[in-house]
Amino acid sequence: MEGEPDPGRIARLVFGTPDWRRRQPAEQVLDLGGHWQALHYLITGDPWDGRQPESDVVCGGRLLTEDGAAELGLDVIFLAPDRVKPAADHLAGTPFGAIAERYDPAAMAAAEVQDAARLDGRTRDRVLKPAYEDLSRFFAKAAADGQAVFKVMTQS
């Protein structure tokens, strides 16, 4: 895939087989599980949108599977390298404590954040903080290497 310019073709090549996770080096895969939308909400203050570059961290990018989700069985979002770097810089300059004040399970549930009704007082520091730190490292590495980021929405 080195040198392949079409992100849609890359998505089909990488994610088009059932064992795609096992074929990827561990450091190139970050699984946010069911907490992806809670993280997006903490980062942006919105369940789906927000300003760039913070909105690019979880939900932002170009949806590659508008017509192909049935083909791959998942949605794939592509974030180009020129958008990865600003997102990485935003994460590096925003410690978790700066977004933790948005953690309000009732407000998140009212905003229809996935599974917010199941969040408790410990989830913020035990689950979301380490996930945010993992995201920060993941984006920092991708930015340092000049890489794009492909985001996949699928059942585990």
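See the structure above.
Calculation notes
Residues numbered from 1 in each chain as written. Predicted model: local features only at pLDDT ≥ 70, side-chain atom pairs only at ≥ 80, totals over all residues. Heavy atoms only, no water. Buried < 20%, exposed > 50% of the residue type's maximum accessible area, 1.4 Å probe, protein only. Helix = DSSP H or I, 4+ residues; strand = E, 2+ residues; numbered from the N terminus. Pairing = 2+ DSSP bridges. Lys, Arg positive; Asp, Glu negative; His and termini not counted. Salt bridge = Lys/Arg side-chain N within 4 Å of Asp/Glu carboxyl O. Polar contact = N/O pair within 3.5 Å; in protein donor to acceptor, adjacent residues only side chain to side chain. Axes fitted to C-alpha atoms, helices over the stretch in contact; angles between N-to-C directions. Parallel < 35°, antiparallel > 145°, perpendicular 65-115°, else oblique. Left-handed = near helix turned anticlockwise from the far one by under 90°. Contact = heavy atoms within 4.5 Å. Nonpolar A, V, L, I, M, F, W, Y, C, P; charged D, E, K, R; others polar. Phe/Tyr/Trp six-rings, centres within 6.5 Å; stacked < 30°, edge-to-face > 60°.

Draft legend 1. How the structure looks around the pairing of strand E2 (residues 75–79). Counting buried residues in E2 gives four out of five residues, a clear majority hidden from the surface. Alignment of E2 against strand E3 (residues 149–153), held across five bridges, turns out to be antiparallel. Residue pairing across strands places Ile-77 opposite Lys-151, the latter belonging to E3.

Draft legend 2. Focus on the environment of Gly-8. Along the chain, Gly-8 falls in helix H1 (residues 7–15). For Gly-8 and Ile-77, which are 69 residues apart along the polypeptide, the C-alpha to C-alpha distance reads 9.4 Å.

Draft legend 3. Region of interest: the side chain of Lys-151. Locating Lys-151 in the fold gives a position in strand E3. Buried within the structure, Lys-151 lacks any salt-bridge partner; Asp-56 is the closest side chain of opposite charge, at an N-O distance of 5.6 Å. Here the side chain of Lys-151 touches Val-57 through a polar contact of 3.4 Å, landing on its backbone oxygen.

Draft legend 4. Main features of the packing of helix H5 (residues 81–92) against helix H8 (residues 123–144). Put simply, H5 and H8 touch, their axes get as near as 8 Å, and they point 140° apart. Considering their axes alone, H5 and H8 lie oblique with respect to each other. In this structure, H5 crosses over H8, and the sense of that crossing is left-handed. Contact with H5, carried on its side by Val-84, Lys-85, Ala-87, Ala-88 and Leu-91, involves Tyr-132, Leu-135, Ser-136, Phe-139, Ala-140, Ala-142 and Ala-143 of H8 and no other residues of that element. In the contact of H5 with H8, the residues fall into ten nonpolar, one polar and one charged.

Draft legend 5. Seen up close, the packing of aromatic side chains. Scanning all chains against the criterion turns up four aromatic pairs. Between the aromatic rings of Trp-36 and Trp-48, the centroid separation amounts to 5.5 Å while the plane-to-plane angle is 55°, which identifies the pairing as tilted. Separated by twelve residues along the polypeptide, Trp-36 in helix H3 (residues 36–44) and Trp-48 in the loop between H3 and strand E1 (62–63) bring together distant segments of the chain. By relative accessible area, Trp-36 is classed as buried at 10%. When its relative accessible area of 53% is taken as the criterion, Trp-48 is described as exposed.

Draft legend 6. Summary view of the packing of H3 against H8. Taken N-terminus to C-terminus, the directions of H3 and H8 make an angle of 75°; their axes are 11 Å apart at the nearest point. Between H3 and H8, the crossing angle belongs to the class labelled roughly perpendicular. Every residue of H8 that contacts H3 at Ala-38, Leu-39, Leu-42 and Ile-43 is listed here: Leu-128, Ala-131, Tyr-132 and Leu-135. By residue class, the composition of the contact of H3 with H8 is eight nonpolar, no polar and no charged.

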